[in-house]
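Understanding the architecture of this molecule
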Amino acid sequence: MNTVKTVGLMVFMTLLLLLVGQALGGRSGMVLAFVIAVALNFGSYWFSDKIVLKMYRAKPVSEAEAPDLYSMVRILVQKAGMPMPKVYIIPEETPNAFATGRNPEHAVVAVTRGIMRILDREELSGVIAHELAHIKHRDMLTGTIVATIAGAISMLAQMAQWAMIFGGRRDDNEGGSPIAAIVMMIVAPIAAMIVQMAISRTREYEADKGGAAIAGNPSGLANALLKLEKGAQVIPMEDAKPATAHMFIVNPLTGGGLMNLFSTHPPIAERVRRLNEMTRRG
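Because the structure is predicted, anything quoted here is derived from the model rather than measured. (Residues numbered from 1 in each chain as written. Predicted model: local features only at pLDDT ≥ 70, side-chain atom pairs only at ≥ 80, totals over all residues. Heavy atoms only, no water.)

Some remarks on the nonpolar core
Formally: Buried Ala, Val, Leu, Ile, Met, Phe, Trp, Tyr and Cys residues that are joined via side-chain atoms within 4.5 Å together make up what is termed a nonpolar core. The cut-offs for exposure are 20% and 50% of the maximum accessible area for each residue type, with area from a 1.4 Å probe on protein chains only; residues under the lower value are buried, those over the upper are exposed, and the others partly exposed. Working definition: helices are DSSP H or I runs of at least four residues, strands are E runs of at least two. Numbering for both runs from the N terminus. A contact between two residues is defined here by any heavy atoms of the two lying within 4.5 Å.
Leu69, Val127, Ile128 and Leu132 are the most contacted members of the largest nonpolar core, which has 41 residues in total. The set of elements that each furnish at least two residues to this core consists of helix 2 (67–80), strand 2 (86–90), strand 3 (97–101), strand 4 (107–112), helix 4 (121–136), helix 6 (178–215), helix 7 (218–234) and helix 9 (268–281). Residues within four places of valine 127 in sequence aside, it is in contact with Ala97, Ile115, Leu119, Leu221, Ala224, Leu228 and Ile249.

Below you can see the structure in the form of structure tokens.
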């Protein structure tokens, strides 16, 4: 059901992009929206992993430099039947981790220094397995596509705003409507963000489930999530960027209230409840 939900939400995002293009510029606007989406997806597919690793100053480590971490990743990779990803360490004391890369053959697992300090082997194994599940499910590609479509929608809305400021917008008889354009400028970016968050939360639940299956112990990941939630509150990640928050196993951004409505991650308590349910079922 999580996969069906993800596909449905991605189809909705694509249709929303085309509707925004049509409302803002008729048929030519739809073509422009499609071209922007293709260009952004192409660039993100090939370069997003390099950009995010550089953004967080992540450094590759060899097996000699981190033998225990490498051994853990190799064992889990063999269980999952996957290629061995590259291993990076982020010079941050905030406990967290993420996976990136365009496909399982070009994947990266990155962990912070902080996460290796506070988690025991069973808990860290659960976290690594969670990230491997993201790789196996090709969630990085899904997240990239969704993020770029959302970005294209916002870009089109901003372009329309500037067009209205500098000379207005003419109805070119191609199907565009000034009223529809105004509505889309306001509603579409918000709708795109909400759908993006929903997809991200769905994929996190699926990665928890897949990671627990790879590690063979749901309680390890459940305990890790509780520690990571507290750790992120005690030592927040000062350089965390909203655009990349969805990549981490726990949300690196702090905040409450309305922020929780637009969180890229489901509540830790619900994730732990589901993992504990898996443990009880055996």
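Brief notes about the pattern of salt bridges
The criterion, for reference: Here, a salt bridge means any side-chain nitrogen of Lys or Arg that lies within 4 Å of a carboxyl oxygen of Asp or Glu.
Evaluated as defined, the whole model comprises 13 salt bridges. Residue glutamate 63 is joined to arginine 74 by a salt bridge in which the shortest nitrogen-to-oxygen separation is 3.0 Å. Taken together, the residues glutamate 63 in the loop between strand 1 (59–60) and helix 2 and arginine 74 in helix 2 connect sequence positions 11 residues apart. A salt bridge links arginine 274 to glutamate 270, with the shortest nitrogen-to-oxygen separation between them at 3.0 Å. Residue arginine 274 and its partner glutamate 270 are located together in helix 9, separated by 4 residues, close to a single helical turn.

Focus: the packing of helix 4 against helix 7
We apply this condition: Structural elements are reduced to axes, namely lines fitted to C-alpha atoms, with helices fitted over the stretch in contact, and the angle between N-to-C directions of any two is expressed from 0 to 180 degrees. Note on angle classes: values under 35 degrees are labelled roughly parallel, values over 145 roughly antiparallel, values of 65 to 115 roughly perpendicular, and the remainder oblique. Each residue is assigned to one class: nonpolar for Ala, Val, Leu, Ile, Met, Phe, Trp, Tyr, Cys and Pro, charged for Asp, Glu, Lys and Arg, and polar for all the others, Gly among them.
At a closest axis distance of 7 Å, the pairing of helix 4 and helix 7 adopts a crossing angle of 95°. Here helix 4 lies roughly perpendicular to helix 7, going by the angle between them. When helix 4 is examined against helix 7, the residues Glu122, Glu123, Gly126, Val127 and His130 are found in contact with a partner set consisting of Ser219, Gly220, Leu221, Asn223, Ala224, Lys227 and Leu228. When the residues that make up the contact of helix 4 with helix 7 are grouped by side-chain class, the tally is 4 nonpolar, 5 polar and 3 charged.

Re the packing of aromatic side chains
Formally: Geometry of aromatic contacts follows a simple scheme: Phe, Tyr and Trp rings, the Trp one being its six-membered ring, pair when their centres are within 6.5 Å, and the pair is stacked under 30 degrees between planes, edge-to-face over 60, tilted otherwise. Put simply, a charge is over a ring when the Lys NZ or the Arg CZ is close to the ring centre, within 6 Å, and near the line of the ring normal, within 35 degrees.
Evaluation of the coordinates by the stated rule reveals 3 aromatic pairs. Measuring from centroid to centroid gives 5.2 Å for tyrosine 56 and phenylalanine 248, while their planes differ by 85°, and the two rings are edge-to-face. Placement of the pair is tyrosine 56 in the loop between helix 1 (2–55) and strand 1 and phenylalanine 248 in the loop between helix 7 and helix 8 (258–261), with a sequence separation of 192 residues. Tyrosine 56 gets classed as buried once you look at its relative accessible area, which sits at 1%. Site record: aromatic cluster; members linked through ring pairs are Tyr56, Phe98 and Phe248. Between the NZ or CZ atom of lysine 241 and the centre of the ring of tyrosine 56, over which it lies, the distance is 6.0 Å. Looking at arginine 274, its charged tip hangs above the ring of tyrosine 205, at a distance of 3.6 Å from the centre.

What about the pairing of strand 4?
Condition: DSSP calls a pair of strands paired once it identifies at least 2 bridges connecting them.
Strand 4 sits mainly inside the fold: 6 of its 6 residues count as buried. Of the two faces of strand 4, the one lined by Ala107, Val109 and Val111 and the one lined by Val108, Ala110 and Thr112 are each fully buried. For strand 3 and strand 4, the ladder comprises 5 bridges, and the chain directions are antiparallel. Paired with phenylalanine 98 across the strands is alanine 110, a residue of strand 4. Here strand 3 hands over to strand 4 after 5 residues, the two strands then running antiparallel side by side.

Structural notes on helix 2
Residues that lie three or four places apart on an α-helix share one face, since the helix turns once every 3.6 residues. Here is the rule: To estimate the expected span of a helix, subtract one from its residue number and multiply by 1.5 Å. Starting at the helix axis, one direction is taken to each C-beta atom, and the arc is that of these directions.
The terminal C-alpha atoms of helix 2 lie 20 Å apart, and with 14 residues this matches the ideal 20 Å at 1.5 Å per residue to within 8%. Leu69, Tyr70, Met72, Val73, Leu76, Val77 and Ala80 are the residues of helix 2 that are buried. In an axial view of helix 2, the angular spread of the buried residues amounts to 160°, which keeps them on one side of the axis. Every exposed residue of helix 2 that faces more than 90 degrees away from the buried side is listed here: Asp68, Gln78 and Lys79.

Comments concerning a nonpolar patch on the surface
Cut-off, in case you're wondering: Surface patches are defined over residues having more than 30% relative accessible area and no salt bridge, joining like charges when they lie within 9 Å and nonpolar side chains (Val, Leu, Ile, Met, Phe, Trp, Tyr) when within 5 Å. For every accessible area listed, the method is Shrake-Rupley and the probe measures 1.4 Å; residues are considered covered only by the protein chains on display.
The grouping of Ile179, Ile182, Val183, Ile186, Val187, Ile190, Met193 and Ile194 at the surface amounts to a nonpolar patch, some 710 Å² of accessible area in total. If you trace the backbone, isoleucine 182 turns up in helix 6.

Some words on the sheet that holds strand 3
Read from one edge of the open sheet, 4 strands run 1-2-4-3, paired in mixed fashion. The outermost strands of the open sheet, each flanked by one partner alone, are strand 1 and strand 3. Relative to strand 4, strand 2 runs parallel, the two sharing 5 bridges. Residue lysine 86 lies in a different strand from strand 4, and its bridge partner there is valine 108. Against the sheet, helix 4 contacts strand 3 and strand 4, and its axis sits at roughly 150° relative to strand 4.

A look at the pairing of strand 3
Looking along a regular strand, one sees side chains alternate from face to face of the sheet. The buried fraction of strand 3 is high, at 5 of 5 residues. The alternating pattern of strand 3 places Ala97, Ala99 and Gly101 and Phe98 and Thr100 on opposite faces, both of which are buried.

Observations regarding the environment of alanine 191
Within the secondary structure, alanine 191 is located in helix 6. Between the alpha carbons of alanine 191 and isoleucine 153 there is a distance of 9.8 Å; along the sequence they are 38 residues apart.

A closer look at the side chain of serine 125
By the element assignment, serine 125 lies in helix 4. Its relative accessible area of 16% is what places serine 125 among the buried residues. In this structure, serine 125 is in contact with Met72, Leu76 and Ala215, ignoring residues within four places of it in sequence.

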